[in-house]
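The primary structure of each chain is shown beneath.
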Amino acid sequence: MNGSLDLGTALDLTYLWIKAAHIIFVIFWIAGMFMLPRFYIYHQESTPGSVEEQRWIEREKKLRNIIITPSIVLVWVLGLTLAYITEAWTQGWFHAKFALVFLLSGYHGYMVGYGKKLAKGERKASGKALRIMNEVPGIATAIIVILVVVRPF
Ligand code: HEM
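Calculation criteria
Residues numbered from 1 in each chain as written. Predicted model: local features only at pLDDT ≥ 70, side-chain atom pairs only at ≥ 80, totals over all residues. Heavy atoms only, no water. UniProt positions renumbered as here; feature names shortened; annotations may be inferred. Patch = residues over 30% accessible without salt bridge, like charges linked within 9 Å, V, L, I, M, F, W, Y side chains within 5 Å. Areas by Shrake-Rupley, 256 points an atom, 1.4 Å probe, with all protein chains shown as cover. Salt bridge = Lys/Arg side-chain N within 4 Å of Asp/Glu carboxyl O. Helix = DSSP H or I, 4+ residues; strand = E, 2+ residues; numbered from the N terminus. Buried < 20%, exposed > 50% of the residue type's maximum accessible area, 1.4 Å probe, protein only.

An unreviewed UniProt entry annotates the protein chain as Protoporphyrinogen IX oxidase of Allosphingosinicella humi. The Sequence similarities (unreviewed entry) comment attached to the protein chain in UniProt states, word for word, "Belongs to the HemJ family." As stated in UniProt under Pathway (unreviewed entry), the record for the protein chain gives "Porphyrin-containing compound metabolism; protoporphyrin-IX biosynthesis; protoporphyrin-IX from protoporphyrinogen-IX: step 1/1."

> I tried to follow a nonpolar patch on the surface on my own but got confused; where do I start?
On the surface, a cluster of nonpolar side chains totalling about 560 Å² of accessible area is made up of Ile23, Ile24, Ile27, Phe28, Ile66 and Ile67. Only α1 (7-44) and α2 (51-86) provide two or more residues apiece to the nonpolar patch. It is α1 that provides the largest number of residues to the nonpolar patch, a total of four residues. Within the secondary structure, Ile67 is located in helix α2. The partly exposed category is assigned to Ile67, whose relative accessible area is 34%.

> Just to check I follow, could you spell out the UniProt feature "transmembrane region" (unreviewed entry) in the protein chain for this structure?
Here, the residues flagged by UniProt with the feature "transmembrane region" (unreviewed entry) are residues 20-42, 63-86, 92-111 and 132-150. From the first C-alpha to the last, residues 20-42 spans 34 Å; its make-up is 100% helix and 0% strand. Secondary structure over residues 132-150 splits into 89% helix and 0% strand, and the C-alpha atoms at its two ends are 28 Å apart.

As structure tokens, then:
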């Protein structure tokens, strides 16, 4: 041992660090996605034009701009890098995961758009509808984790 890493070991380590970073930002993204519709539910229970409503608008904006939007970008960049390194696109589980992550990203976009309209006073969805939509990230996460860990196909 002369203390220097050979190229193969260095690449293996890089892959592991990228995978760790991918999982870290997945957690940040999904945690934020669990919170956002919940914030919208409380927001819609406040009186229009009240100080309380203004506080929810600020909290929602911070959650979107500081947590979920930067996280989704990093999850995608790191995930696509992993797919490139491992040639995952040749495998069935990855196609299914990719389709689900694509839909989840669409849900993210819808929720961000909903929040911007909500901040302008448009309360389009009922509290019940938001509560049902709030289940989407949890269900998607369960299926995605099974796909990447168990790889049933
Ligand atoms: C945004 C697009 C995404 C892409 C392109 C992507 C791609 C990948 C790839 C190629 C791997 C490497 C698997 C390997 O080591 O062979 C991976 C690992 C992983 N991904 Fe993603 N991913 C994405 C989003 C997500 C999301 C949203 C979740 C969870 C909700 C997730 C959870 C995981 C987990 C838990 C692992 C580690 C699995 C293991 O130990 O091998 N990923 N991802």
